[in-house]
Amino acid sequence: MGLFKSFLDIFCEHCSTQSIYTLAGVGALSFIALSVVINVLSQLFFKKAHEPPVVFHWFPFVGSTISYGMDPYTFFNQARAKYGDIFTFVLLGKKTTVYLGTKGNEFILNGKLRDVCAEEVYSPLTTPVFGTDVVYDCPNSKLMEQKKFVKYGLTSEALRSYVPLITNEVDNFVKTSPAFHDPKGTFNVSKVIAEITIYTASRSLQGKEVRDRFDATFAEMYHDLDKGFAPINFMLPWAPLPHNRKRDAAQKKLTETYMDIIKARRAAGGEKDSEDMVWNLMSCTYKNGTPIPDSEIAHMMIALLMAGQHSSSSTAAWIVLRLATCPELIEELYEEQKRVLGSDLPELTHESLQKLDLHSKIIKETLRIHAPIHSIIRAVKNPMPVEGTNYVIPTTHNVLSSPGVTARSEEFFPQPLKWNPHRWDEVEPPKDEDDEEKIDYGYGLVTKGTNSPYLPFGAGRHRCIGEQFAYVQLATILAALVRHFKFSIPDNSAPFPETDYSSLFSKPMGTSFVQYEKREAKA
């Protein structure tokens, strides 16, 4: 005790000569060091035999968040090589169990409702953006009804009517945008494509009134609302940060805008004159006999606008960037249109798009490598035994599926990271959906579909219901742009853009320019 007392006296005497800031700094560093030591020791000596291995990390709470956030696919592949298909990592303090491969997709995406929950994970992020009582801010049974309303609104007649509307928007943009003022030049791909996709979606799916209001003010509101998807909002969606205040103001204003449109339509007699989704939702009724309230219609339309815009915008941008590296493919597309549709290039229709095989493969290959969402996360509500292992995933974990890993796997796709639309020439046609197992989650029969290594729109009860519209929008934009332009890279020595994984949706990183040449310029 004498030795310890002497040490304590010297320590206290030394501390008494230091400033409060120095002491606070030393205390904080000591706390961090102790936390690291305890964290490392717990990983090395206190492993749980019935839980998947934990990816080694130095700092508690932070865990593997940074390496995962910078490049999820590299992180997954490195962890897979060390731990196998099933492993756990710490994501912002939450243990998250990853199950890779088609079996993992089946385990998580087709997990039973009593076992896995999407709402608990995504509601804090999406509800302030979309609005209340829709998507993840309502019981799952209600969400399934809402998905059914939207899915049944995307009829063949509706999709057919969208093609000329989308084509006209692209044509008008090319004629009027300063980005394409000259016969030749360069343009900012992400910026220009984002404008094209939001104009085409707002005119077709959202309705004429929404498109007419898409001026600079409306675009600014969309931009402010989009910032609500910042990663920090997974943890602090309620924080009084500047971007959250702008998000909330934009959400309120957009809701009012949609409700004004709905009220105006009702006041005018409520006679349907187009196939947009607003008309469809105005006529829908829940199973209990309650019509969808106008506020919920407004919030569902915001959800369709935000979710659809991100996936279509990023995919279309990747298509243009990829085509610019392969000018010969652009000419193949142009020749395909002339050969299949006629040398006079008649107006595009829904039926004619179905005949453009190479156009479809361009979209398919781009979605394979550049899936808009790299991770699909669910909260665990009941302990989940993993078949074929001794693992049981506890309720303190989240589970994570990454269909993009199988889509980028050598096991299924030779040279998986090479963008090659013609790889689909040799792929056997998919099984007839009539032969696959189907299930009705509440929005109509869908295939379970997790056996495929290619799932760009997810699977299970939360499978994207906008898949058909996305293909129509992307195919129409692609076909229209091919008619207008040839694309190439301004600088052949420049590396291909990396992927920005910092948001909920993956997109090209930074600012990328592509060189264009108008086809009529040579005439």
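- Under an unreviewed UniProt entry, the name given to the chain is sterol 14alpha-demethylase, and the source organism is Penicillium antarcticum.
- Under the UniProt heading Cofactor (unreviewed entry), the note attached to the chain is "heme".

## Things to note about the domain arrangement of the chain
- Domains assigned within the chain are domain 1 (52-130 + 374-413) and domain 2 (139-373 + 458-518).
- There are zero salt bridges connecting domain 1 and domain 2.
- Connecting domain 1 to domain 2 are four residue pairs in polar contact (both at pLDDT 80 or more).
- For the side of domain 1 that touches domain 2, the secondary structure elements donating two or more residues are α3 (65-70), α4 (72-83), α6 (119-130) and β5 (376-380).
- The element best represented in the side of domain 1 that touches domain 2 is α6, accounting for nine residues.
- Of the residues contributing to the side of domain 1 that touches domain 2, the split by class is 18 nonpolar, five polar and four charged.

## Here we look at the UniProt feature "binding site: heme" (unreviewed entry) in the chain
- The UniProt entry lists Cys-464 under the feature "binding site: heme" (unreviewed entry), expressed in the numbering used here.
- With respect to the helices, strands and loops of the structure, Cys-464 is situated in the loop between β10 (445-447) and α19 (467-484).

## A closer look at the sheet that holds strand β4 (residues 184-188)
- Judged by pairing direction, the sheet is antiparallel, and its three strands sit side by side in the order β4-β14-β11 without closing on themselves. Each end of this open sheet is capped by a strand with a single partner; those strands are β4 and β11 (485-488). Taken pair by pair, the neighbouring strands of this sheet meet at an average axis angle of 35°, ignoring direction.
- Relative to strand β14 (residues 513-518), β11 runs antiparallel, the two sharing four bridges. Counted as the bridge partner of Ser-488 is Gln-515 from β14.
- In the packing of helix α9 (residues 189-206) onto the sheet, contacts are made with β4 and β14, and the angle to β4 comes to roughly 80°.
- Sitting on the sheet, α19 is in contact with β11 and β14, with an inclination near 95° to β11.

## Side note on unusual backbone geometry
- Backbone geometry places Leu-345, a non-glycine residue, at a positive phi of 50°.
- Structurally, Leu-345 can be placed in the loop between α15 (327-341) and α16 (350-353).
- Given the relative accessible area of 18%, Leu-345 is considered buried.
- The phi angle at Gln-415 is positive, at roughly 45°, despite the residue not being glycine.
- Counting through the fold element by element, Gln-415 comes out in the loop between α18 (403-407) and β9 (438-440).
- When its relative accessible area of 53% is taken as the criterion, Gln-415 is described as exposed.

## Digging into the pattern of salt bridges
- Tallied over the entire structure, the rule returns 20 salt bridges.
- For Arg-160, the salt bridge goes to Glu-351, with nearest N and O atoms at 2.6 Å. In this pair, Arg-160 is assigned in helix α8 (residues 156-176) and Glu-351 in helix α16, connecting sequence segments 191 residues apart.
- Taking relative accessible area as the criterion, Arg-160 reaches 38% and is therefore assigned partly exposed.
- Judged by its relative accessible area of 37%, Glu-351 falls in the partly exposed class.
- One salt bridge in this structure joins Arg-211 and Glu-169, with 3.0 Å as the shortest N-O distance. Taken together, the positions of Arg-211 in helix α10 (residues 208-212) and Glu-169 in helix α8 put the pair 42 residues apart, joining distant regions of the chain.
- Put simply, Glu-209, Arg-265 and Asp-276 are held in one network by salt bridges that share partners.

## Some points on the side chain of Gln-473
- Structurally, the position occupied by Gln-473 is in helix α19.
- A relative accessible area of 1% means that Gln-473 is categorised as buried.
- For Gln-473, the contacting residues outside a window of four places in its chain are Ile-166, Thr-197, Thr-200, Ala-201 and Ser-312.

## Re the packing of α15 against α19
- Remark: α15 packs on α19, axes separated minimally by 9 Å, with the N-to-C direction vectors making an angle of 100°. The orientation of α15 relative to α19 falls into the category roughly perpendicular. Where α15 abuts α19, its residues Ile-330, Leu-333, Tyr-334, Gln-337 and Leu-341 lie against Leu-478, Ala-479, Val-482 and Arg-483.
- The residue inventory of the contact of α15 with α19, partitioned by class, reads seven nonpolar, one polar and one charged.

## A word on helix α12 (residues 242-267)
- An ideal rise of 1.5 Å per residue puts 38 Å on 26 residues; α12 measures up with 38 Å between its terminal C-alpha atoms.
- All of the buried residues in α12 are His-243, Asn-244, Arg-247, Ala-250, Gln-251, Leu-254, Thr-255, Thr-257, Tyr-258, Ile-261, Ile-262 and Arg-265.
- Just downstream of α12, Gly-269 is the residue with a positive phi angle, here 115°.

## Quick word on the sheet that holds strand β3 (residues 116-117)
- In space, the five strands of this open sheet follow the order β1-β2-β8-β5-β3, with mixed pairing throughout. Here the strands that pair on one side only, and so sit at the sheet edges, are β1 (86-91) and β3.
- Relative to strand β8 (residues 398-401), β5 runs antiparallel, the two being bridged by four bridges. Residue Arg-378 lies in a different strand from β8, and its bridge partner there is Val-399.
- Against the sheet, α4 contacts β1, β2 (94-99) and β8, and its axis sits at roughly 130° relative to β1.
- The sheet contacts of helix α5 (residues 101-109) involve β2, β3, β5 and β8, and relative to β2 the element is tilted by about 125°.

About the criteria used
Residues numbered from 1 in each chain as written. Predicted model: local features only at pLDDT ≥ 70, side-chain atom pairs only at ≥ 80, totals over all residues. Heavy atoms only, no water. UniProt positions renumbered as here; feature names shortened; annotations may be inferred. Domains from an automatic or database assignment. Salt bridge = Lys/Arg side-chain N within 4 Å of Asp/Glu carboxyl O. Polar contact = N/O pair within 3.5 Å; in protein donor to acceptor, adjacent residues only side chain to side chain. Helix = DSSP H or I, 4+ residues; strand = E, 2+ residues; numbered from the N terminus. Nonpolar A, V, L, I, M, F, W, Y, C, P; charged D, E, K, R; others polar. Pairing = 2+ DSSP bridges. Axes fitted to C-alpha atoms, helices over the stretch in contact; angles between N-to-C directions. Contact = heavy atoms within 4.5 Å. Buried < 20%, exposed > 50% of the residue type's maximum accessible area, 1.4 Å probe, protein only. Parallel < 35°, antiparallel > 145°, perpendicular 65-115°, else oblique. Expected span 1.5 Å × (residues − 1).

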